[in-house]
Amino acid sequence: MSDTLTLRRPDDWHLHLRDGDMLRAVLPETARHFARAIIMPNLVPPVVTGAQASAYRDRILAALPEGTAFEPLMTLYLAEDTDPEDVAAAHASGLVKAVKLYPAGATTNSASGVSHFDRVRPVLEKMAEIGLPLCVHGEVTASDVDIFDREAVFIDRVLDPIRRATPGLRVVMEHITTSDAVEYARAQGDDLGATITTHHLVINRNHILAGGIKPHYYCLPVAKRESHRLALRAAATSGEERFFLGTDSAPHTDANKLLPCGCAGCFTATNTMSILAHVFEEEGALDRLEGFTSLNGPGFYGLPVNEESLTLRKGESVTYPKQIDTNDGPVTVFDPGFPLSWRVETV
Ligand code: DOR
Ligand code: ZN
């Protein structure tokens with residue numbers, strides 16, 4: 001078998017870049033390998049309006065290292081008072097590629113998200129009309145629902161009713177973590193896509209909890225039992241066009257991860273392509289890696305595929321920094337727990 005693999009340059013369809021010093025530190029990690037990324041809007045305060053998205057886009061472009069080609073694809077944070085006309089204008093100008101739905105309280109900086117789904121109905125109807133996708137953090141927040149069941153319950157109680165009430169709404173189920181989500185996605189038409197992270201292909205809940213708690217493996221939605229991880233691997237490597245990469249790479253400083261109440265997020269921007277090549281090789285699906293990282297996402301979003309390429313070469317071993325330094329303190333890079341052998345050649 002050939003020890004090199006050349007793909008169209010990949011995109012990341014779910015990425016957290018933050019702002020300020022953190023943005024400057026983490027952006028090169030993504031821009032080194034990825035041509036574009038869907039940028040999450042959960043800043044403090046959140047990116048709710050078109051004007052805020054435009055200003056955030058300018059800050060991202062200003063933070064790019066000289067000579068780096070990278071296109072941030074902006075999103076708006078759906079709040080209960082979001083103005084449908086502002087969303088439509090931000091879409092019409094080409095600035096915004098999706099709107100992000102966070103159930104209020106579901107995850108990092110989601111306090112301004114949605115509690116009453118009927119209040120965002122006019123925005124969702126406008127989005128269905130203009131063809132603007134809704135990216136969904138799919139977890140209920142009710143305290144009586146077990147955290148390992150929150151995705152499956154969300155599909156039944158929230159996602160499916162919203163989709164039935166809003167025909168034509170294009171939806172991305174973000175960072176799916178269960179076989180329930182895989183099965184639901186497979187049963188829908190081509191107006192539904194699903195992103196899968198790198199880390200959910202690698203870890204299950206034992207990795208977080210057995211033999212001592214591992215804060216760097218804690219993210220939301222939390223990794224589930226092994227049968228779910230296997231369903232995600234099967235979906236990602238299946239070649240089915242509705243499944244594509246969204247890393248959900250989410251930097252938090254070690255100081256914020258290692259607290260008694262630590263932040264959720266795995267930082268995978270640095271080594272994602274090496275890890276994915278390893279996973280796809282294990283599944284005998286290296287020929288499907290390009291679909292997952294470089295073709296299916298643009299297909300769903302109706303964007304052109306990238307013309308440039310990226311080459312992976314298999315060698316002895318490849319190492320990555322354990323941490324990225326930022327002015328706020330170090331950010332630990334996700335450790336897949338196995339040696340990596342696929343190196344991304346500098347492009
Ligand atoms: O683990 C996560 N981290 N999940 C999310 O939904 C948000 C993200 C973050 O912003 O840190
Ligand atoms: Zn996220």
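Data block above holds the structure.
## Overview of the overall build of the protein
Here's step 1: The number of helices and strands found in the protein is eleven helices and 13 strands.
Here's step 2: Its C-alpha radius of gyration of 19 Å places the protein within 12% of the 20 Å reference for a compact globule of 347 residues.
Here's step 3: For the protein, the spread of C-alpha atoms along the three principal axes comes to 55 × 45 × 40 Å.
Here's step 4: Counting only residues that meet the buried cut, the protein has 58% of its 347 residues in that class.
Here's step 5: In the protein, 75% of the contacts between residues at least 6 apart in sequence involve partners at least 24 apart.
Here's step 6: When the accessible surface of the protein is totalled, it reaches about 13900 Å², and 49% of it is carbon and sulfur.
Here's step 7: Across the protein, the centroid of the 32 positively charged side chains sits 2 Å from that of the 46 negatively charged ones.

## Topic: unusual backbone geometry
Glycine aside, the phi torsion of most residues is negative, and most peptide linkages are trans.
Here's step 1: Residue Val-44 is joined to Pro-45 through a cis peptide bond whose omega torsion reads -5°.
Here's step 2: With respect to the helices, strands and loops of the structure, Pro-45 is situated in the loop between strand 3 (36–39) and helix 2 (50–63).
Here's step 3: Cis geometry is found at the peptide bond from Leu-220 to Pro-221, where omega equals -5°.
Here's step 4: Along the chain, Pro-221 falls in the loop between helix 7 (205–209) and helix 8 (226–236).
Here's step 5: Notably, His-175 is not glycine yet its phi reads approximately 35°, a positive angle.
Here's step 6: Counting through the fold element by element, His-175 comes out in the loop between strand 7 (171–173) and helix 6 (179–186).
Here's step 7: One non-glycine residue with positive phi stands out, namely Asp-248, at about 55°.
Here's step 8: With respect to the element layout, Asp-248 can be found in the loop between strand 9 (243–245) and helix 9 (254–257).

What counts, and at which threshold
Throughout this document, residue positions are counted from 1 along each chain, in the order its sequence is written. Throughout, the order in which chains and ligands are written sets their labels, letters from A for the former and numbers from 1 for the latter. Confidence filtering applies because this is a predicted model: local features only for residues at pLDDT of at least 70, side-chain atom pairs given and counted only at 80 or more, and all residues used for totals across whole chains, interfaces and linings. Only hydrogens and water are set aside; all other atoms, that is, all heavy atoms of the structure, feed into the side-chain values. Numbering of helices and strands runs from the N terminus, with a helix taken as a DSSP run of H or I at least four residues long and a strand as a DSSP run of E at least two residues long. Each radius of gyration is computed over the set of C-alpha atoms, and the globule rule expresses the reference value as 2.2 Å times the number of residues to the power 0.38. Exposed residues in this analysis have more than 50% of their type's maximum accessible area, buried residues have under 20%, and partly exposed residues fall in between, with area computed by a 1.4 Å probe over protein chains only. The contact rule is simple, with two residues in contact once any of their heavy atoms fall within 4.5 Å. The Shrake-Rupley method, run with a 1.4 Å probe sphere, supplies the accessible areas, and residue values consider only the shown protein chains as cover. Only four residue types enter the charge count: Lys and Arg as positive, Asp and Glu as negative, with His and the chain ends excluded. Charge positions come from single atoms, namely NZ of Lys, CZ of Arg, CG of Asp or CD of Glu.

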